Amino acid sequence: MKETNLTILENQQIAKDVYRMRLQGDTSAITAPGQFINLLLDGYYLRRPISVNDLEGDVVTIIYKALGEGTRAMTAYPAGKELNVLTGLGNGYTLEKSGPRPLLVGGGVGIPPLYLLCRQLLAQGKTPQVVLGYNTQEEIFLAEEFRAMGAEVHVLTADGSCGTKGLVTDGIAGIDGYTYLYTCGPEPMLKAVYNVTKTSGQFSFEERMGCGFGACMGCTCKTKYGSKRICKDGPVLEKEEIVW
């Protein structure tokens with residue numbers, strides 16, 4: 001973990017209530033896809049943890065949804081503004097077990113961390129299959145960016161307004177021969193994915209956090225190997241250790 005100041009290069013809306021922010025500065029503590037950063041916002045005591053969407057040199061990209069007061073305030077932050085940020089938080093995904101044809105499954109704001117993971121898997125010569133779930137067409141983001149990288153992308157919307165009507169589990173049902181699973185999204189989605197997938201995998205959990213680096217114990221969960229802190233020992237857990 002490293003505390004640093006990052007400068008906003010871009011902060012723009014890319015879908016309904018969804019924004020992309022690019023920040024420049026010392027990103028050296030970010031070492032794996034699936035890690036997150038924790039932003040100190042003006043007028044708010046608790047930081048906002050947001051997953052890393054992409055990393056290129058000293059520029060880190062995050063994608064966030066404006067839901068609460070803090071993230072709504074973030075939407076007005078201009079380019080050039082400096083933010084105090086804790087970087088390199090969480091364990092992130094590991095690529096060693098992926099096999100040649102990994103399956104990546106994301107829902108809503110669980111989609112962004114899969115982008116950097118997908119890019120790194122492609123760089124290793126792997127052939128990732130990507131299943132993305134949204135509520136409706138106006139909430140879709142990153143699908144075309146995944147396709148532009150060369151991934152095979154399956155889009156599902158709950159209302160059928162774009163792609164296939166259904167949930168990510170419906171998309172998974174049509175894919176055979178995947179060698180490993182990577183997923184991120186709300187817990188009900190993760191549990192459903194856990195129940196229908198056939199391989200081992202890594203699950204990234206979304207959780208409310210106090211500190212973001214393991215001190216407050218507020219995000220502790222039970223696993224088959226004892227209690228773990230989602231912010232520090234996670235957010236990525238192996239399928240075999242998860243207790244629902």
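Coordinates for the structure precede this section.
Okay, so let's go over this structure. (Residues numbered from 1 in each chain as written. Predicted model: local features only at pLDDT ≥ 70, side-chain atom pairs only at ≥ 80, totals over all residues. Heavy atoms only, no water.)

**Examining unusual backbone geometry**
Negative phi characterises most residues that are not glycine, and trans characterises most peptide bonds.
Next up, step 1: Phi at Asp 17 takes a positive value of approximately 65 degrees, unusual for a residue other than glycine.
Next up, step 2: Along the chain, the position of Asp 17 falls in the loop between strand 1 (2–15) and strand 2 (18–24).
Next up, step 3: Judged by its relative accessible area of 32%, Asp 17 falls in the partly exposed class.
Next up, step 4: For Leu 142, which is not a glycine, the phi torsion comes out positive at approximately 70 degrees.
Next up, step 5: With respect to the helices and strands, Leu 142 occurs in the loop between strand 8 (129–134) and helix 3 (143–149). (Helix = DSSP H or I, 4+ residues; strand = E, 2+ residues; numbered from the N terminus. Buried < 20%, exposed > 50% of the residue type's maximum accessible area, 1.4 Å probe, protein only.)

**A few points about the pattern of salt bridges**
Side chains bearing opposite charge may pair, as long as their charged atoms lie close to each other.
Next up, step 1: Applying the stated criterion to the full structure yields ten salt bridges.
Next up, step 2: Between Arg 47 and Glu 3 there is a salt bridge, with the nearest N and O atoms lying 3.7 Å from each other. Linking Arg 47 in the loop between strand 3 (36–39) and strand 4 (48–56) with Glu 3 in strand 1, this pair joins segments that are 44 residues apart in sequence.
Next up, step 3: Residue Glu 3 is classed as exposed on the basis of its relative accessible area of 52%.
Next up, step 4: We note a salt bridge from Lys 198 to Asp 176, for which the minimum N-O separation is 4.0 Å. With Lys 198 in the loop between helix 5 (187–196) and strand 12 (201–205) and Asp 176 in the loop between helix 4 (168–173) and strand 11 (180–185), this residue pair connects regions lying 22 residues apart in the sequence.
Next up, step 5: Residue class for Lys 198 comes out exposed when judged on its relative accessible area of 67%. (Salt bridge = Lys/Arg side-chain N within 4 Å of Asp/Glu carboxyl O.)

**Describing the side chain of Asn 11**
Next up, step 1: Along the chain, Asn 11 turns up in strand 1.
Next up, step 2: On the accessibility criterion, Asn 11 (17% relative accessible area) is buried.
Next up, step 3: Only 2.9 Å separates the side chain of Asn 11 from the side chain of Tyr 64, close enough to count as a polar contact.
Next up, step 4: Within the structure, the side chain of Asn 11 is placed 2.8 Å from the backbone oxygen of Met 74, a separation counted as a polar contact.
Next up, step 5: The contact partners of Asn 11, leaving out residues within four places of it in the chain, are Tyr 19, Arg 20, Met 21, Tyr 64, Met 74, Thr 75, Ala 76 and Tyr 77. (Polar contact = N/O pair within 3.5 Å; in protein donor to acceptor, adjacent residues only side chain to side chain. Contact = heavy atoms within 4.5 Å.)

**Some remarks on the sheet that holds strand 7 (residues 102–107)**
The strands that make up a sheet are held in pairs by hydrogen bonds between backbone atoms, and each pair lies either parallel or antiparallel.
Next up, step 1: An order of 10-9-8-7-11-12-15 is seen for the seven strands of this open sheet, with the pairing classed as mixed. Pairing within the sheet leaves two strands with one partner each, and these edge strands are strand 10 (164–165) and strand 15 (236–238).
Next up, step 2: With five bridges connecting them, strand 7 and strand 11 associate as parallel partners. Among the inter-strand pairings, Gly 106 is bridged to a residue of strand 11, identified as Cys 184.
Next up, step 3: The sheet contacts of helix 2 (residues 112–123) involve strand 7, strand 8 and strand 11, and relative to strand 7 the element is tilted by about 165 degrees.
Next up, step 4: The sheet strands contacting helix 5 are strand 7, strand 11 and strand 12, and the helix crosses strand 11 at an angle near 160 degrees. (Pairing = 2+ DSSP bridges. Axes fitted to C-alpha atoms, helices over the stretch in contact; angles between N-to-C directions.)

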